[in-house]
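Close look at the chain arrangement
Next come the chains, spelled out residue by residue.
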Amino acid sequence: MSDNWGESTKLVRGGLNRSQHGETAEALYLTSGFCYDSAEIAQARFNGDDEGFVYGRYGNPTVEMFEERLRLLEGAEACYGTASGMAAVWGALSSHLKAGDHIVAAKALFGSCYQVITNIFPRFGVDFTLVDGTDLAAWQAAVKPNTKAFFLETPSNPTLELIDIQAVADIAHNANSLLVVDNVFATPVLQKPMEMGADIVVYSGTKHIDGQGRVLGGAILSSEKFKEDQLKPMLRHTGPSLSPFNAWVMLKGLETLKLRVNAQSQAALEIATALESHPEISKVLYPALPSHPQNDLYKKQMSGGGTLLAFEVKGGKQSAFDLMRNLTVIDISNNLGDSKSLITHPASTTHRAVDEEARAEMGITESTLRLSVGLEDVEDLIADLNGEML
Ligand SMILES: *Cc1c(COP(=O)(O)O)cnc(C)c1O
């Protein structure tokens, strides 16, 4: 029945599992273990003949409520909560890949995703090819007989490049491969990768799902079969479990996710539009702007431009740093998806480990700034970026 609810109803009530006390808010089951009424029940639980919890690393009622709520929003068959977004990325890929396999990924990746694919997987015998995600022929050309997974983020961090999910899904499926999409930047509110053919969607709940900068968490959305056959055997034994407390915070975050993301996305569009006519800004990158090189693809696969934008300040690094120094409302932070607006200089922070040539290929210059738009008054944010809030 809850599968037929509207999105907002799913976000407020999905997965709700009240205790005998009838609490209005979801209960926080802060426990690592569970007790059984008899040895027979314990045996049945371990046999899988009796539904119920056995140990915090295997499952928890609060975590399960979070998983069910996000599952409903995504329209996926199954959801697995994880300790962080990177635990979700690593968990999804490592439970599928083995030594001798090959992965194809877009080169514009979140820093830790880049490390996982280019440094960590190769140590376990998983080879990789990085491609320009916007070049569909490059995805196709990268396919090898042992290719088992495709991985991409769209919009990308920090230059907000878009990748055609449907087209890459088709290439992946023709190659008997899975497509894994990191949907953090778009959020489940503004983009539904599974409707466009993605097999797995991963989230950092740390970002918009919590949305108020409190906890780390993540999730893997997949088929029921992938969860049962791949994720559970890997993740239950290797331990990247989502804390019940963090699950509870994110569960409550989901209730307001749609309101927050839509408001932040609308504000981001207003800021991007204002910055386009700013005399000291040479370039603004935001998917919903008509000037974005992939604005047509934006209209096809997203229902809003998202809460992040990037822009280039005339005069290079010094001018970018000067702009940041003059801010009094917007904070300097590499985090994103928060109700507080946050700005970062990717070349010296999030992408400092990426060598200069690769950075240039991703479109990151010394004058690029990335802004995560929060919930403040948009007039204040625009005035702050104009240096008028000093
Ligand atoms: C933050 C982020 C991650 C990692 O999430 P954590 O919760 O920090 O582990 C992965 N991908 C993208 C696009 C992110 O923004």
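What counts, and at which threshold
- Residues numbered from 1 in each chain as written.
- Predicted model: local features only at pLDDT ≥ 70, side-chain atom pairs only at ≥ 80, totals over all residues.
- Heavy atoms only, no water.
- Helix = DSSP H or I, 4+ residues; strand = E, 2+ residues; numbered from the N terminus.
- Rg over C-alpha atoms; globule rule 2.2 N^0.38 Å.
- Buried < 20%, exposed > 50% of the residue type's maximum accessible area, 1.4 Å probe, protein only.
- Contact = heavy atoms within 4.5 Å.
- Areas by Shrake-Rupley, 256 points an atom, 1.4 Å probe, with all protein chains shown as cover.
- Lys, Arg positive; Asp, Glu negative; His and termini not counted.
- Charge placed at Lys NZ, Arg CZ, Asp CG, Glu CD.
- Near = heavy atom within 4 Å.
- Polar contact = N/O pair within 3.5 Å; in protein donor to acceptor, adjacent residues only side chain to side chain.
- Nonpolar A, V, L, I, M, F, W, Y, C, P; charged D, E, K, R; others polar.
- Domains from an automatic or database assignment.
- Buried area = accessible area lost by both parts, 1.4 Å probe.
- Salt bridge = Lys/Arg side-chain N within 4 Å of Asp/Glu carboxyl O.
- Axes fitted to C-alpha atoms, helices over the stretch in contact; angles between N-to-C directions.
- Parallel < 35°, antiparallel > 145°, perpendicular 65-115°, else oblique.
- Left-handed = near helix turned anticlockwise from the far one by under 90°.
- 1 Å grid on protein atoms, 1.4 Å probe; cavity = no way out; pocket = protein on both sides within 12 Å on 5 of 7 lines; lining within 4 Å.
- Points joined across faces, edges and corners; volume = space filled by probe spheres on them.
- Expected span 1.5 Å × (residues − 1).
- Bend = angle between axes of the 7 residues up to and from the residue.

Brief notes about the overall build of the protein
- Per the secondary structure count, the protein includes 14 helices and twelve strands.
- Computed over its C-alpha atoms, the radius of gyration of the protein comes to 21 Å, within 12% of the 21 Å expected for a compact globule of 390 residues.
- With respect to the three principal axes, the spread of C-alpha positions in the protein is 75 × 50 × 35 Å.
- A buried classification covers 54% of the 390 residues belonging to the protein.
- Of the contacts made within the protein by residues no fewer than 6 positions apart, 72% connect residues no fewer than 24 positions apart.
- Of the roughly 16,500 Å² of accessible surface on the protein, a fraction of 51% belongs to carbon and sulfur atoms.
- If you average the places of the 32 positive and of the 49 negative side-chain charges in the protein, the two averages end up 3 Å apart.

As for the site of the ligand
- With respect to spatial proximity, 13 residues lie near the ligand, and among them Gly85, Asp182, Ser204, Thr206 and Lys207 are the closest.
- Contact between the ligand and Ser204: an oxygen atom at 2.7 Å from a side-chain N or O atom of the residue.
- At 2.6 Å from an oxygen atom of the ligand is found a side-chain nitrogen or oxygen belonging to Thr206.
- For the ligand, whose accessible area on its own is 380 Å², the fraction buried by protein is 92%.
- Considered class by class, the residues forming the shell around the ligand number five nonpolar, five polar and three charged.

Describing the pairing of strand β1 (residues 78-82)
- The buried fraction of β1 amounts to five of the five residues, a majority that puts the element mostly inside the structure.
- Residue alternation in β1 divides its side chains into two sets, Ala78, Tyr80 and Thr82 and Cys79 and Gly81, and both sets are buried.

Quick look at the domain arrangement of the protein
- Per the domain assignment, the segments making up the protein are domain 1 (2-255) and domain 2 (257-385).
- The C-alpha-based centres of domain 1 and domain 2 are spaced at 26 Å.
- In this assembly, 38 residues from domain 1 lie in contact with 34 residues from domain 2.
- Between domain 1 and domain 2 the total buried area reaches about 3,200 Å² when both faces are included, carbon and sulfur atoms providing 60% of it.
- Broken down residue by residue, the surface that domain 1 buries against domain 2 is led by Leu162, Leu190 and His208, which jointly contribute 23%.
- Counting the contacts that link domain 1 with domain 2 gives three salt bridges.
- Notably, a salt bridge pairs Lys107 with Glu361, separated by 3.0 Å at the nearest N-O pair.
- The interface formed by domain 1 and domain 2 contains 18 residue pairs in polar contact (both at pLDDT 80 or more).

Looking at the packing of helix α3 (residues 61-74) against helix α10 (residues 244-276)
- Look at α3 against α10: their axes get within 8 Å of each other, and the N-to-C directions meet at 30°. In terms of axis orientation, α3 runs roughly parallel to α10. At the point where α3 passes α10, the crossing takes the left-handed sense. Here Thr62, Val63, Met65, Phe66, Arg69, Leu70 and Leu73 of α3 lie close against α10, whose contacting residues are Pro244, Ala247, Trp248, Met250, Leu251, Leu254, Glu255 and Leu257.
- Looking at side-chain class alone, the contact of α3 with α10 contains twelve nonpolar, one polar and two charged residues.

Comments concerning the layout of surface pockets
- When its volume is computed, the largest pocket comes out at roughly 950 Å³.
- Lining the largest pocket are 32 residues, with Phe53, Tyr58, Glu64, Lys232 and Arg236 sitting closest to its centre.
- Partitioning the lining of the largest pocket into residue classes produces ten nonpolar, eight polar and 14 charged.

What about helix α9 (residues 224-238)?
- Taking 1.5 Å of rise per residue, 15 residues should cover 21 Å, and α9 covers 20 Å from first to last C-alpha, within 8% of that figure.
- The largest bend in α9 comes to about 50°, at Leu231, with the proline Pro233 one to four residues further on.
- When α9 is considered as a whole, its buried residues turn out to be Phe226, Lys227, Leu231, Lys232 and Leu235.
- The inward-facing, buried residues of α9 contact α3, β1, α4 (85-94), β5 (178-182), β6 (200-204) and β7 (218-222).
- Taken from the residues just after α9, Gly239 is the one with a positive phi, measuring 90°.

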